[in-house]
Each structure stands twice: as C-alpha cells, then as structure tokens.
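In case you want the letters, here they are:
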Amino acid sequence: MLLLASCAVEQALVAPPADTGTRPSARDSARPEPVQPEPQPEPEPEPEPEVVVGLLVTELMIDPTAVDDANGEWIELLSTSTADLVLDGLTLRDDGLDDVAVASFVIRPGERLVVCADGDDRANGGVACAGTWTWGSLGDGLALANTGDELEVVLGGVVLDRVVWDDRFSVPGAALGRDDDGQWCAGDAVFGGGDRGTPGSVNPDCP
C-alpha cells in the first residue's frame with residue numbers, strides 16, 4: 001500500500017501543465033500602437049514685394065546765362081521708387097504742344113539724375129547728363145519757358161510728377177531747387193561755366 005501511494009505522488013509532481021499555448025505578457029499588451037504623422041501642408045510661397053514707382057522733379061534750370069537755353073536747360077529727377085527703374089519710354093510734356101521722349105537710362109532708389117537739352121558738358125554749362133531730350137517749342141521739342149510753363153514727367157502713360165510755374169518763378173543764371181519740404185528756391189552754389197545750382201546733388205533747404 002505504501003509503495004503505490006508513493007508512485008502516484010511522483011507522477012503528479014512531474015506531469016506537464018495541461019495548457020501549452022502562449023499568452024502575451026502584461027508588458028506586451030500595454031505597448032501603444034505607433035502613431036502615423038499627419039501630412040503637413042506645403043508652405044505657401046512668399047509674395048513678391050510690391051514695387052512702388054515714383055519720380056520727382058527736384059531741380060529746374062529754366063533760364064541759364066552761361067550758355068543758350070537750347071544748350072543749358074536741364075531737369076533733375078529724384079527716384080522715390082523701391083526698386084531700380086528702367087526709364088525706357090520716359091516722356092516730358094506740357095499742356096501745349098510740347099511732348100518729347102527722353103533717352104533711356106536706369107535710376108536707382110533715392111538717386112538723383114539730370115536730363116538735359118544738350119548732353120555735351122562742354123556745351124551745356126558743365127552738367128553731367130544721364131539722358132537728353134530734343135529742345136524746341138511749338139511742337140518741335142520741349143523748351144522750359146521763362147515766363148511760365150508746365151512740366152509733366154510721364155512713364156508708361158502715368159504722370160509721375162507735374163510742376164507749374166509763372167513769370168515770377170525763374171531766375172536768370174540759377175536753377176530752381178525743391179527741398180525736402182517741397183519748397184522751391186534759387187540755387188547759390190556755382191557750377192561748371194558759372195551758373196548756380198546743384199545738378200545731381202541734394203538741394204539745400206530753402207530759407
């Protein structure tokens with residue numbers, strides 16, 4: 001009897017477990033599913049900066065005395081544009097018959113350049129010119145009348161600046177300059193052949 005009981009206990013100790021399948025561990029069941037990244041929208045291209053076009057008449061030699069009007073008249077232009085301007089097709093005109101094209105040139109932001117009736121500095125009173133126009137009156141060109149006139153600067157059909165004067169405006173032998181406050185006055189600095197003004201340079205403040 002004792003021998004049979006001992007064998008039964010031994011069989012119970014060495015018997016394999018009934019369930020031989022595998023189960024996930026607690027660590028495996030708690031692992032989160034991988035998160036797929038959301039697609040990001042394509043960045044919008046930055047808009048090109050808007051170019052502001054501006055051109056002002058800042059000095060006028062209407063009545064030179066060192067040379068004749070046909071040689072010595074000139075106009076100073078100041079660029080208030082935010083980019084380089086290619087002045088191809090720039091025209092000058094008045095309210096009458098005068099309407100002329102100016103030889104093409106480039107002007108940078110903040111730059112002052114001079115356009116002249118005569119581009120030769122040996123004949124025009126000593127002025128360095130960026131462009132020229134045909135001098136004349138009554139439809140033959142453009143002349144700046146001493147007794148009163150108008151001047152429009154036109155680019156691409158748009159009037160960029162307009163100046164009007166009467167017979168009290170011009171001063172013999174002196175250019176009329178516009179200062180930062182928009183006031184006009186005769187120049188004092190002597191240049192070239194003896195006339196006064198500051199062609200291509202900043203104008204002094206008017207008194």
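Before reading further, recall that the structure is shown in the block above.
Because the structure is a prediction, the values reported are computed rather than measured.

### A word on the overall build of the protein
Looking only at helices and strands, one finds three helices and 12 strands in the protein. Put simply, the protein has 207 residues, and 37% of those count as buried. Taking as baseline every contact in the protein between residues at least 6 positions apart, the subset at least 24 positions apart corresponds to 58%.

### What about the sheet that holds strand β10 (residues 158-166)?
Pairing within the open sheet is antiparallel, and its four strands lie in the order β5-β4-β9-β10. Two strands close off the open sheet at either side, each with one partner strand: β5 (99-101) and β10. Taking the axes of each pair of neighbouring strands and ignoring which way they run, one obtains an average angle of 15 degrees across the sheet. The pairing of strand β9 (residues 148-155) with β10 spans eight bridges and is classified as antiparallel.

### Structural notes on the pairing of strand β1 (residues 55-61)
Of all seven residues that make up β1, six are buried, and the element is covered over most of its length. Pairing geometry for β1 and strand β11 (residues 176-178), over two bridges, is antiparallel. The residue of β11 that forms the bridge with E59 is G177.

### Comments concerning the sheet that holds β1
If you walk across this open sheet you meet the six strands as β8-β7-β2-β1-β11-β12, and the pairing is mixed. Pairing within the sheet leaves two strands with one partner each, and these edge strands are β8 (131-132) and β12 (184-186). Looking at chain direction, strand β2 (residues 74-79) and strand β7 (residues 112-116) are connected through five bridges and run antiparallel. Its bridge partner being in β7, L78 is matched across the sheet by R112.

### So, unusual backbone geometry
Look at L138: it is not a glycine, yet its phi comes out positive at around 55 degrees. Note on placement: L138 falls in the loop between β8 and β9.

### Things to note about the packing of aromatic side chains
Across all of its chains, the model carries three aromatic pairs by this definition. With a centroid separation of 6.0 Å and an interplanar angle of 75 degrees, the aromatic rings of W74 and F191 are classed as edge-to-face. In this pair, W74 is assigned in strand β2 and F191 in the segment after β12, connecting sequence segments 117 residues apart. Under the relative-accessibility criterion, W74 is labelled buried at 1%. Put simply, the rings of W165, F169 and W184 pair up and form one aromatic cluster.

Rules of the game
- Residues numbered from 1 in each chain as written.
- Predicted model: local features only at pLDDT ≥ 70, side-chain atom pairs only at ≥ 80, totals over all residues.
- Heavy atoms only, no water.
- Helix = DSSP H or I, 4+ residues; strand = E, 2+ residues; numbered from the N terminus.
- Buried < 20%, exposed > 50% of the residue type's maximum accessible area, 1.4 Å probe, protein only.
- Contact = heavy atoms within 4.5 Å.
- Pairing = 2+ DSSP bridges.
- Axes fitted to C-alpha atoms, helices over the stretch in contact; angles between N-to-C directions.
- Phe/Tyr/Trp six-rings, centres within 6.5 Å; stacked < 30°, edge-to-face > 60°.

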